[in-house]
Amino acid sequence: DAGITQSPRHKVTETGTPVTLRCHQTENHRYMYWYRQDPGHGLRLIHYSYGVKDTDKGEVSDGYSVSRSKTEDFLLTLESATSSQTSVYFCAISTPDRGGETQYFGPGTRLLVL
Amino acid sequence: EDQVTQSPEALRLQEGESSSLNCSYTVSGLRGLFWYRQDPGKGPEFLFTLYSAGEEKEKERLKATLTKKESFLHITAPKPEDSATYLCAVQAAGGGADGLTFGKGTHLIIQP
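Summary of the structure given here. (Residues numbered from 1 in each chain as written. Chains lettered and ligands numbered in written order. Predicted model: local features only at pLDDT ≥ 70, side-chain atom pairs only at ≥ 80, totals over all residues. Heavy atoms only, no water.)

1. Focus on the overall build of chain A
The test is simple: Put simply, DSSP marks the helices as runs of H or I at least four residues long and the strands as runs of E at least two long, and each gets a number from the N terminus on. As defined in this context, the radius of gyration uses C-alpha atoms, and a globule is described by 2.2 Å times the residue total to the power 0.38. Throughout, a contact is declared for two residues whenever any of their heavy atoms are within 4.5 Å. Each accessible area is a Shrake-Rupley estimate made with a 1.4 Å probe; only the visible protein chains count as cover when residues are assessed.
Looking only at helices and strands, one finds 0 helices and 11 strands in chain A. Secondary structure elements of chain A occur, N-terminal to C-terminal, as β-β-β-β-β-β-β-β-β-β-β. Here chain A has a C-alpha radius of gyration of 13 Å; the compact-globule value for 114 residues is 13 Å, and the two agree. For chain A, the C-alpha atoms occupy an extent of roughly 45 × 30 × 25 Å along the three principal directions. Across chain A, every contact between residues at least 6 apart in sequence was considered, and the portion connecting residues at least 24 apart equals 54%. Counting every atom, chain A has about 5,400 Å² of accessible surface; 49% of that belongs to carbon and sulfur.

Shown next, in the form of structure tokens:
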């Protein structure tokens, strides 16, 4: 699992409440990612980070913000959760591989917004 | 815009019945094509990376191949434990921390 943990693993919340998901890695990887996975869609990139305090938007970033104050932690925040943000959220890290980089994924956080 | 299309959406095979999964892609310069396996309730598990047309990689009963337009994941004499959803993804050339563009996956069921 490339030393990736996600917390919480499951969460139920109500519309309009703030939610923060945490991704923690133990191997000092520079690049980290947040994806969401929904039925009928492939995994879609929300935000990514290329270093401490260095982040950028992905394909589906509206309604989400991220922070990375330490190499090992990448936080995803839903400022005001909506039902459309019900999803499974995966964190990933990227490691050098012969010829390029390979992404490895965490176990996921299942979020239900009521 | 990068696109990945996987077919079929679902495939049911008998144990030992070999077959292939397809991944067609369009990308503005391919940096890498990735295959993952995903079991229910778990994160994607990395299988292979292919970087250039003509490249092939093998792991147990799985073999991945790559052309300029598509990739195939060949499954030889599958077993029930090969049942999973198989995901294909591409990364465009550009350097740095670019994310992956995924297909919707092929749900594979191997019946004993």
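Back to the text.
2. Some words on the nonpolar core
Residue and element names in this part refer to chain B. Operational definition: Residue types Ala, Val, Leu, Ile, Met, Phe, Trp, Tyr and Cys, when buried and joined through side-chain atoms within 4.5 Å, form a set referred to as a nonpolar core. Exposure classes here rest on a 1.4 Å probe applied to the protein chains alone. A residue is buried below 20% of its type maximum, exposed above 50%, and partly exposed in between.
Counting residues in hydrophobic clusters, the biggest one holds 22 residues, and the most contacted among them are Leu33, Trp35, Leu73 and Tyr86. Mapped by element, the contributors of at least two residues to this core are β2 (10–14), β3 (19–26), β4 (30–38), β5 (45–50), β7 (62–66), β8 (70–75), β9 (84–92) and β11 (106–111). If you tally residues by element for this core, the top one is β9, at 4 residues.

3. What about the side chain of serine 87 of chain A?
Test applied: For the purposes of these results, a polar contact is taken to be a pair of N or O atoms within 3.5 Å, where, inside protein, one atom must be able to donate a hydrogen and its partner to accept one; residues adjacent in sequence count only when each atom of the pair is a side-chain atom.
On the secondary structure map, serine 87 of chain A appears in strand β9 (residues 87–97). At a separation of 2.7 Å, a polar atom in the side chain of serine 87 of chain A contacts the side chain of aspartate 38 of chain A.

4. So, the interface of chain B and chain A
The criterion, for reference: Within this document, salt bridges are pairs made up of a side-chain nitrogen of Lys or Arg and a carboxyl oxygen of Asp or Glu, the two lying within 4 Å of each other.
Facing 22 residues of chain B, the contacting portion of chain A comprises 25 residues. At the surface where chain B touches chain A, the tally comes to 0 salt bridges. Our count for the chain B to chain A interface comes out at 5 residue pairs in polar contact (both at pLDDT 80 or more). Among the secondary structure elements, those contributing two or more residues to the side of chain B that touches chain A are β4, β5 and β9 of chain B.

5. Observations regarding the sheet that holds strand β3 (residues 19–25) of chain A
All names here are of chain A. Condition: We call two strands paired when DSSP finds no fewer than two bridges between them. All axes here are fitted lines through C-alpha atoms, helices being fitted over the stretch that makes contact, and every angle between N-to-C directions spans 0 to 180 degrees.
With antiparallel pairing, 4 strands are arranged side by side in an open sheet as β1-β3-β8-β7. Both edges of this open sheet fall to β1 (4–7) and β7 (64–70), since each of them pairs with a single strand only. Taking each pair of neighbouring strands and ignoring which way they run, the sheet shows an average axis angle of 20°. With 5 bridges joining them, β7 and strand β8 (residues 73–78) adopt antiparallel strand pairing. Note on β8: the bridge partner recorded for serine 67 is leucine 75.

6. A short note on the packing of aromatic side chains
Here is the rule: Any two rings among Phe, Tyr and Trp, with Trp reduced to its six-membered ring, count as a pair given centres within 6.5 Å; such a pair is stacked if its planes are under 30 degrees apart, edge-to-face if over 60, and tilted if neither.
If you walk through the whole model with that rule in mind, you get 12 aromatic pairs over all chains. For the ring pair phenylalanine 105 of chain A and tyrosine 36 of chain B, a centre distance of 5.4 Å and an interplane angle of 85° mean the geometry is edge-to-face. Highlighted residues: phenylalanine 105 of chain A in strand β10 (residues 100–105) and tyrosine 36 of chain B in strand β4, drawn from two different chains. Taken together, a centroid distance of 6.0 Å and an interplanar angle of 75° make the contact between phenylalanine 105 of chain A and phenylalanine 102 of chain B edge-to-face. With phenylalanine 105 of chain A in strand β10 and phenylalanine 102 of chain B in strand β10 (residues 101–102), this pair bridges two chains. By relative accessible area, phenylalanine 105 of chain A is classed as buried at 6%.

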